[in-house]
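Tertiary structure, described
So you can see what is in the structure, the chains are spelled out below.
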Amino acid sequence: MWGQGQVTVVVRSLIFLLAFQLLHVARSSMVWLNESGYEDLVIAINPRVPEDANIIENTKVMIKDASDYLFEATKHRFFFKSVKIVIPKTWKKNTNYSRLKTESYDKADVIIADPFLKYGDDPYTLQYGGCKEKGRYIHFTPNFLLKSSLLNVYGERGRVFVHEWAHLRWGVFDEYNSDAPFYVSTNSGNANVEATRCSASVTGAVVFQDCNGNNCNVRDCRYDGQLYEAGCTFVPDKQQNVPSSIMYMQSLPSVVGFCDKNTHNAEAPNMQNKICNYKSTWEVIMESDDFQNSSVINSPRPPVEPTFKLLQTQDRALCLVLDISGSMTLNNRINHLYQAAEVFLLQIIEIGSWVGIVTFESSAYVKTSLQQITSDTVRHSLTQYLPKKAGGGTNICAGVKTGFQVITDKFKTTYGSEIVLLTDGEDSYIASCLDTVKQSGAIIHTIALGPSAAKELDEFSKLTGGLQLYAIDEVLPSKLIEAFSGITSGSGDISEQSIQLESKDLEVARNQWINNSVTIDKTVGNDTFFVISWSLQSPRIILRDPKGKEYGNSDFTIDSSTPKTARLGINGTAEVGDWHYYIENYYTNSQTISVTVTSRAASSDVPPVIVKAYMNRANVAPNPVVIYAEVSQGFLPVLGANVIATIEKDNAATESLQLLDNGAGADTNKNDGIYSRYFTSFQNSGRYSLKVNAHGRKTTVRLGFRQNRALYIPGYRENGKIQMNAPRPELADEEIQAQLGSFSRIATSSFVLNDVSPGISPSFPPCKITDLDAYIDNKTIILTWTAPGGVLDSGQADHYIIKTSENLLDLRNDFDNATSVNSSDLIPKAAGTRELFTIQPENLKIENGTIIYIAIRAAANTSLTSDVSNIAHATWFIPPKAAVPSEKPSNDDSNKGGVNITVIVAIVAGCVVVVCIIVSSTVCVLQKKSRRKDPAIRM
């Protein structure tokens, strides 16, 4: 029976689960399942990719092959039905290309783009979350689609696509591990070194490749402690009898399915086991919504082939639809609207875009038809149409329909256009135009200003895939500027887009100075603007560039329309380094002063560092909100940044969280450039705004590589002969370290909590420990892990529960009944701190071949306990003595993914007997003693 406290926890969690929903984030897949067929898959080509018709044709072939392979792999359940390929506007126009609707490069499921720094052509899927959570996108390079030489490295393209689709759609993970390619296993009854793979029945050879330039030689691997030396690799047999698994090596001809419950290798130290709680890939797929909403098709092939539609990106066409109803006079909103929209027109919207302006209250008014931004003169002329006065009712549908008309007057259609809809009020008639919005083929970005903006406003963005933004009421327009700054082009050309480097509000006492700096890094510097705003009276401003040049009040521009804002544009490309600003409030009272800095890429050839902010609901009960910030340059993750998330809500306290990329708590993967944290401080229902501030310094920041990639096959063994592929391209640490200096970035987003009862907040347990590690040293088991919090990944847990077992799955399935470890003296540290604990096994004899499995739960109290951690295993294994490897590896079948200890020991023992007979029994004894002294090294 449950106690009253446990019932309360469950009820609160259920209330929370049912009561809140997250706003639709920017990148949202349009794919839907129609009678087992996937419709509206969007594949987009980056505008920097040179035109090549073979990319389109090979993409079509890849999807057709993938559809057949997916159908077979999912046991006749799924296939691809319709695909849209987005062609960049940099390619020649073609009558076969249709106009985009709400599709865009930034929202595509699959992107085709060159890698940054030419680090290789690994196909990969960007995944933020945990098991069963959908990924962000699949990335293929043009080389992958064009070069036939890569087929031997990754396998047939259709097979690779299915590998990546499983990542993207079903939230499964790789079954190989480049960082832990081997492990010690006892599945066969004897201790063996096995290659990390699924299934364990895949056969092959373990080899080391020595390369000097283009000259490479292959030899057998040596041991280094318990495992093979670094650089050893598993080379599979080309011809196999095993049908799984696609998430390990889809390139093998025999592989036609995913590992299931019967073939899964739970021992392998791979991400699938770690993240998906040792479940097989097929088990995870079976739990997906897709599986529940589909059925087996009684046919040997998919019922139809995929159809393709080619769409081409066009010039950006956008209409500002701005609320000027009476409530916009409150809290200085109309003035803040003017200032923020002015920044958007002067600094944010890209050159070449078409922009119109509509205002609305009870009726709607065209302030200006679409004008193309071809110069700063056009930008300034557009600002003259921004509203300065407010009054009247609120008719949102009138504003939206008039915005559509402005776009139609120029382009005869609203397909592919954008509306930026800003309002602070409620309108009970919004539903009357939802169908018109849905049929428009336009994207609507919504900005809710203040606490009373219509709840139904979000439906416009949800229907059209637009951004949903929210700005709280403040004395300055900086929050609204942050919202507008996120509305950039979805074309994929990051060099055109404005990037926010700084946005800071400071309360400054009278006669006091602000002394701070903002970094202009070498990836940005064009169209750089400094905007200073104040609440009462103009302050004294001094701005000094990295070379010592100073700018004062006289260098800034103050427009009569915005008398409390000063703007400075830097000519040419701004100097790289720290720009120091000194601002004095010499007014008689304290006042609020804000500093906003925006810039664009310094070069079209070097992608700038960017940060993207998102929220999602974790796919584990009780489903807390997770905040994500992706920091990247090109397609490479930026590591070592300091990332702070600020969550705000009208009439509520501001919450700040440091986001981490440590592979613990909310963070799925360590060092993937995705910084994460749980957010649990819900005040009440309504909209919450999110601002992420990412900073990097030269001493800590470097680039990393994407995870969740298709395996780069090192080579194959066929007919007893080993044929190696060229080594995978890698960059030295100094090469990727040298690409980055200091930087500063801002990104914004928002989310909604609905019907959260005031005073009733969900109770969260400590988060699951996901990085437990164990090894044996001197007959002692040493554990390390990252401390969780008392509430998910914040605070401090009360105590730990540690269990051991000789069976891995017993810990997963029956943790409570496993053998307990006395940890009463172990006091949990603060969340994020490294823990270390030693176990002295009392009733367990540690001898050669011993493997002990360990797992942990963290408890906040008797009713709030974390999920069972990942399962670590401590190994004591002394490899057999072996002869010095030959330069050419054996081509027989004696080494099939691991070392058969029984065979090797028998061979060695025979040799020892011969030596003993020839030399003496004394020498034999000495050899045995020497053997026992080999150190056993942690796995």
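Residues numbered from 1 in each chain as written. Predicted model: local features only at pLDDT ≥ 70, side-chain atom pairs only at ≥ 80, totals over all residues. Heavy atoms only, no water.

**Some words on the sheet that holds strand β26 (residues 524-534)**
Sheet strands associate in pairs through backbone hydrogen bonding, adopting either a parallel or an antiparallel arrangement. Rule in force here: Strands qualify as paired when DSSP identifies two bridges or more between them. Labels follow the DSSP assignment, with helices taken as runs of H or I lasting at least four residues and strands as runs of E lasting at least two, numbered in each case from the N terminus. Interaxial angles span 0 to 180 degrees and are taken between N-to-C directions of axes, which are lines fitted to C-alpha atoms, for helices over the stretch in contact.
An order of β24-β31-β26-β29 is seen for the four strands of this open sheet, with the pairing classed as antiparallel. Of all the strands in the sheet, just β24 (499-508) and β29 (565-573) have a single pairing partner and so form its edges. Taken pair by pair, the neighbouring strands of this sheet meet at an average axis angle of 10°, ignoring direction. Pairing between β24 and strand β31 (residues 591-601): nine bridges, direction antiparallel. Residue pairing in the sheet places Val508 in a bridge with Gln591 of β31.

**Let's talk about the state of the cysteines**
We apply this condition: What counts as a disulfide here is a pair of cysteine sulfur atoms lying within 2.5 Å. When accessible area is computed with a 1.4 Å probe and restricted to protein chains, residues below 20% of their type maximum are described as buried, those above 50% as exposed, and intermediate ones as partly exposed.
Across all of its chains, the model carries five disulfides by this definition. Across the disulfide from Cys221 sits Cys232; the S-S distance is 2.1 Å. In this structure, the disulfide formed by Cys221 and Cys232 twists by about -135° around the S-S bond and is classed as left-handed. With Cys221 in the loop between β13 (215-220) and β14 (223-224) and Cys232 in strand β16 (residues 232-236), this residue pair connects regions lying eleven residues apart in the sequence. A relative accessible area of 12% places Cys221 in the buried class.

**Observations regarding the environment of Thr565**
Rules: Contacts described as polar in this section are N or O atom pairs within 3.5 Å, which, within protein, must combine one atom able to donate a hydrogen with one able to accept it, while residues neighboring in sequence count only if both atoms come from side chains.
Mapped onto the elements, Thr565 comes out in strand β29. Take Thr565: its relative accessible area is 6%, and that puts it in the buried class. For Thr565 and Ser533, which are 32 residues apart along the polypeptide, the C-alpha to C-alpha distance reads 4.4 Å. A polar atom in the side chain of Thr565 sits 2.5 Å from the side chain of Gln339.

**Let's talk about the pattern of salt bridges**
Operational definition: By definition, a salt bridge exists where a carboxyl oxygen of Asp or Glu is found within 4 Å of a side-chain nitrogen of Lys or Arg.
What the rule picks out here adds up to 37 salt bridges. As a salt-bridge pair, Lys84 and Asp40 come within 3.7 Å of each other at their nearest N and O atoms. Taken together, the residues Lys84 in strand β5 (residues 82-87) and Asp40 in the loop between β2 (37-39) and β3 (41-45) connect sequence positions 44 residues apart.

**Digging into helix α2 (residues 53-73)**
For clarity, the cut-off: What a helix should span is 1.5 Å times the count of its residues minus one.
With 21 residues, α2 ought to run about 30 Å at 1.5 Å a step, and its terminal C-alpha atoms sit 30 Å apart, in line with that. The set of residues buried in α2 consists of Ile55, Ile56, Thr59, Met62, Ile63, Ala66, Ser67, Tyr69, Leu70, Phe71 and Ala73. With a side-chain oxygen lying 2.9 Å from the backbone nitrogen of Asn54, the N-terminal cap of α2 falls on Asp52. Looking one or two residues beyond α2, the residue adopting positive phi is Lys75, at roughly 60°.

**Focus on the environment of Glu507**
Here is the rule: Contacts between residues were defined by any pair of non-hydrogen atoms, one from each residue, lying within 4.5 Å.
Here Glu507 is to be found in strand β24. Residue classification places Glu507 among the exposed positions, given a relative accessible area of 56%. In this structure, the C-alpha to C-alpha distance between Glu507 and Trp534, residues 27 residues apart in sequence, is 9.8 Å. Discounting residues that sit within four places of it in the chain, Glu507 has contacts with Ser590, Gln591 and Thr592. Side-chain polar atoms of Glu507 contact the side chain of Ser590, separated by 3.5 Å. Here Thr592 takes part through its side chain, which lies 2.7 Å from a polar atom of the side chain of Glu507.

**With respect to the packing of aromatic side chains**
Short version of the rule: By convention, a stacked pair of Phe, Tyr or Trp rings (six-membered ring in the case of Trp) has centres within 6.5 Å and planes under 30 degrees apart, an edge-to-face pair has planes over 60 apart, and any other such pair is tilted. Charge-over-ring placement is defined geometrically: NZ (Lys) or CZ (Arg) within 6 Å of the ring centre, and within 35 degrees of the ring normal.
Enumeration over the complete set of coordinates arrives at 27 aromatic pairs. Considering the side-chain rings of Phe258 and Trp282, the 6.5 Å spacing of their centres and the 10° angle between planes classify their relative orientation as stacked. Taken together, the residues span a long stretch of sequence, with Phe258 in the loop between α6 (246-249) and α7 (271-275) and Trp282 in helix α8 (residues 281-286) at a distance of 24 residues. Trp282 carries the same exposure label as Phe258, and that label is buried. If you follow Arg136 out to its NZ or CZ, it ends over the ring of Tyr614, 4.0 Å from the centre. For Lys649, the ring lying beneath its charged end belongs to Tyr688, and the centroid distance is 5.2 Å.

**As for unusual backbone geometry**
A negative phi holds for most residues other than glycine; trans holds for most peptide bonds. Following Cys198, the chain continues into Ser199 via a peptide bond in cis, with omega recorded as 5°. Inspection of the secondary structure assignment puts Ser199 in the loop between β11 (192-195) and β12 (204-212). Residue Ser245 is bonded to the preceding Ser244 through a cis peptide linkage, with omega at 25°. With phi around 75°, Lys132 is a residue other than glycine that occupies positive phi space.

**Here's the deal with the nonpolar core**
This is how the line gets drawn: We call a set of buried residues a nonpolar core when its members are Ala, Val, Leu, Ile, Met, Phe, Trp, Tyr or Cys and they connect through side-chain atoms within 4.5 Å of each other.
Counting residues in hydrophobic clusters, the biggest one holds 88 residues, and the most contacted among them are Leu41, Phe161, Trp165, Trp170 and Phe258. Not counting residues within four places of it along the chain, the set of residues in contact with Trp170 comprises Tyr38, Leu70, Thr74, Phe78, Lys132, Trp165, Phe258, Val284, Ile285, Ser288 and Asp290. Grouped together as the second largest cluster of nonpolar side chains are 58 residues, Ala44, Tyr119, Leu703 and Ile736 included.

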